[in-house]
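What the coordinates show
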Amino acid sequence: MTMRDALNLALKEELARDKSVFLMGEEVAEYQGAYKVTRGLLEEFGPKRVIDTPITELGFAGLGVGAAMVGLRPIVEFMTFNFSILATDQIINSAAKMLYMSGGQFKIPIVFRGPSGSAFQVSSQHSQAIESWYAYFPGLKVVMPSTPADAKGLLKSAIRDDDPVIFMEQERMYGMKGEVPEDEDFTIPLGVADIKREGKDVTIVARSLTVPTALKAAEELEKQGVSCEVIDPRTIRPLDIDTIVESVKKTNRVVIAEESHPFCGVAAEISAEINERAFDYLDAPVKRVSGADVPMPYAKNLEQLAIPDVERIIAAVRDVSYL
């Protein structure tokens, strides 16, 4: 099953399970989603549960927050998370803070979901990986699946969660395939990392698009005599730092791969926490492999240079291994 199909299945199951769940966003209904994640849902659940909105992100995000305050469970789709920037007042100043500012009187069970990160030659304004921005604010949970199974299990958990969840689907990964449990009760708890590959020499922490890239690098490094453990946090906030630290204590070396910019990024936070919790176990400095610290180029050759690839991760692993 593709990532797209897994997300669609999760949405379908949760809409059927709980009548307080509804979906809204630009082109989610009649057009069946800009990336066809919501196909078939309007026909099955009707226009009161699957709602096309005007092109006004701040407006329909605010509508979703209000709906969550009165007991519904909105799923707000952004056509791309680049457009969510227009809705950040509602996401950050309303959704993230309402539980705290109301003294616990208002829960905000809302999911903001959609494609994030780079696509294929959509240039600077449509290629931003902004997960560190949302993870910065207390009150928001930030989720980034890297497999179809994780996408289904994590999205179902996000919809059932009583707190606002930012659910980022990497735009290049919608067509990626993998096994997906058909169990309607299959969920993956938020805040639990997954060890995608066991290893003993170097820990590679990767998320979203960089997970399959890291796994390919680990396969190649195995041929070179380096055993890599690949960990996918899956949830950026809350972050399962304990699983990462335990791996570092075993391997004594760590490389962090991410698509987003390095400055103030998630990898910087993970690096700081590793240094605070496991410094005495490190045999080499933490190495980061991030996206280029520039606006994403449009030209295909430059775009490829701006995104971490197998070769850059291999080079980083060899560097921390002093090879």
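The preceding data block contains the structure.
So, here's what we can say about the structure. Because the structure is a prediction, the values reported are computed rather than measured. (Residues numbered from 1 in each chain as written. Predicted model: local features only at pLDDT ≥ 70, side-chain atom pairs only at ≥ 80, totals over all residues. Heavy atoms only, no water.)

Some details on helix α1 (residues 3-17)
Residues lying three or four places apart along an α-helix face the same way, a consequence of the helix completing one turn every 3.6 residues. Look at α1: 21 Å from first C-alpha to last across 15 residues, which is about the 21 Å you get at 1.5 Å a residue. Among all positions in α1, only M3, A6, L7, N8, A10, L11, E13, E14 and L15 are buried. Turning to α1, the residues buried within the fold contact β1 (21-25), α2 (41-45), β3 (73-77), β4 (111-116), α8 (148-160) and β6 (165-170). (Helix = DSSP H or I, 4+ residues; strand = E, 2+ residues; numbered from the N terminus. Expected span 1.5 Å × (residues − 1). Buried < 20%, exposed > 50% of the residue type's maximum accessible area, 1.4 Å probe, protein only. Contact = heavy atoms within 4.5 Å.)

Points about the environment of V211
Tracing the backbone through its elements, the reader meets V211 in helix α9 (residues 210-223). Spatially, the C-alpha atoms of V211 and E258 are 8.8 Å apart, while their sequence positions differ by 47 residues. Contacts of V211, omitting those with residues within four sequence positions, involve S146, K196, A206 and D232.

Comments concerning helix α13 (residues 310-320)
Along α13, the positions that sit buried rather than exposed are V310, I313, I314, A316, V317 and V320. For α13, the angular spread of buried residues about the axis comes to 160 degrees, placing them on one side. The inward-facing, buried residues of α13 abut β8 (202-206), α9, β9 (228-232), β11 (254-257) and β12 (287-289). Of the residues one or two after α13, Y322 is the one with positive phi, at around 55 degrees. (Arc of directions from axis to C-beta.)

A short note on the sheet that holds β1
Here we have seven strands laid out as an open sheet, ordered β2-β1-β3-β4-β6-β5-β10, and mixed in their pairing. Looking at the sheet topology across the chains shown, the edges are occupied by β2 (50-52) and β10 (235-237). In this sheet, adjacent strand axes meet at a mean angle of 20 degrees when their direction is disregarded. (Pairing = 2+ DSSP bridges. Axes fitted to C-alpha atoms, helices over the stretch in contact; angles between N-to-C directions.)

Some points on the pattern of salt bridges
By the definition in use, this model includes 28 salt bridges. Note that R17 and E14 form a salt bridge whose closest N and O atoms lie 3.0 Å from each other. In this pair, R17 and E14 both sit in helix α1, three residues apart, roughly one turn of the helix. With relative accessibility at 0%, the residue E14 sits in the buried group. Between K141 and D161 there is a salt bridge; the shortest N-O distance is 2.9 Å. Note that K141 is positioned in strand β5 (residues 141-143) and D161 in the loop between α8 and β6, a separation of 20 residues in sequence. Like K141, the residue D161 is buried in the burial classification. Put simply, E13, E14, R17, K152, K156 and R160 are held in one network by salt bridges that share partners. (Salt bridge = Lys/Arg side-chain N within 4 Å of Asp/Glu carboxyl O.)

Re the sheet that holds β12
The mixed open sheet is built from five strands, whose spatial order is β7-β9-β8-β11-β12. The open sheet has two free edges, formed respectively by β7 (194-197) and β12, since each of these has just one partner strand. Adjacent strand axes in the sheet meet at a mean angle of 25 degrees, parallel and antiparallel pairs treated alike. Summarising the sheet, β8 and β11 pair through four bridges and their orientation is parallel. By the bridge assignment, T203 is partnered in β11 with V254.

Looking at the side chain of R234
Position of R234 relative to the elements: it lies in the loop between β9 and β10. One polar contact links R234 to D150, side chain to side chain, over a distance of 3.2 Å. In contact with R234, not counting residues within four places along its chain, are V142, V143, M144, D150, L154, I188, V192, A193 and D194. (Polar contact = N/O pair within 3.5 Å; in protein donor to acceptor, adjacent residues only side chain to side chain.)

Regarding the packing of α1 against α8
When two helices pack together, their arrangement is given by the angle between the helix axes and the distance between those axes. Viewed as axis vectors pointing N to C, α1 and α8 meet at an angle of 30 degrees, and their least axial separation amounts to 8 Å. Relative to α8, the element α1 lies roughly parallel. Between α1 and α8 the crossing geometry is right-handed. Residues M3, A6, L7, L9, A10, L11, E13, E14 and R17 of α1 lie in contact with α8, whose contacting residues are P148, A151, K152, L155, K156, I159 and R160. Its residues assigned to classes, the contact of α1 with α8 comprises ten nonpolar, no polar and six charged. (Parallel < 35°, antiparallel > 145°, perpendicular 65-115°, else oblique. Left-handed = near helix turned anticlockwise from the far one by under 90°. Nonpolar A, V, L, I, M, F, W, Y, C, P; charged D, E, K, R; others polar.)

Side note on the nonpolar core
Formed by 44 residues in total, the largest nonpolar core has its most connected members in F78, F112, Y134 and I166. Those elements giving two or more residues to this core turn out to be β1, α3 (57-69), α5 (88-95), α7 (131-135), β6, α10 (241-251), β11 and α11 (266-278). Viewed by domain, this core spans two of them, domain 1 (3-173) and domain 2 (194-320), each represented by three or more residues. (Core = buried A, V, L, I, M, F, W, Y, C linked by side-chain atoms within 4.5 Å. Domains from an automatic or database assignment.)

Notes on unusual backbone geometry
A cis amide bond, omega 0 degrees, links R237 with the succeeding residue P238. Along the chain, P238 falls in the loop between β10 and α10. Of note, S123 is a non-glycine position whose phi angle comes to about 70 degrees, a positive value. Note that S123 resides in the loop between β4 and α7. Positive phi, close to 55 degrees, is recorded for Y322, a residue that is not glycine. Its location among the elements puts Y322 in the segment after α13.

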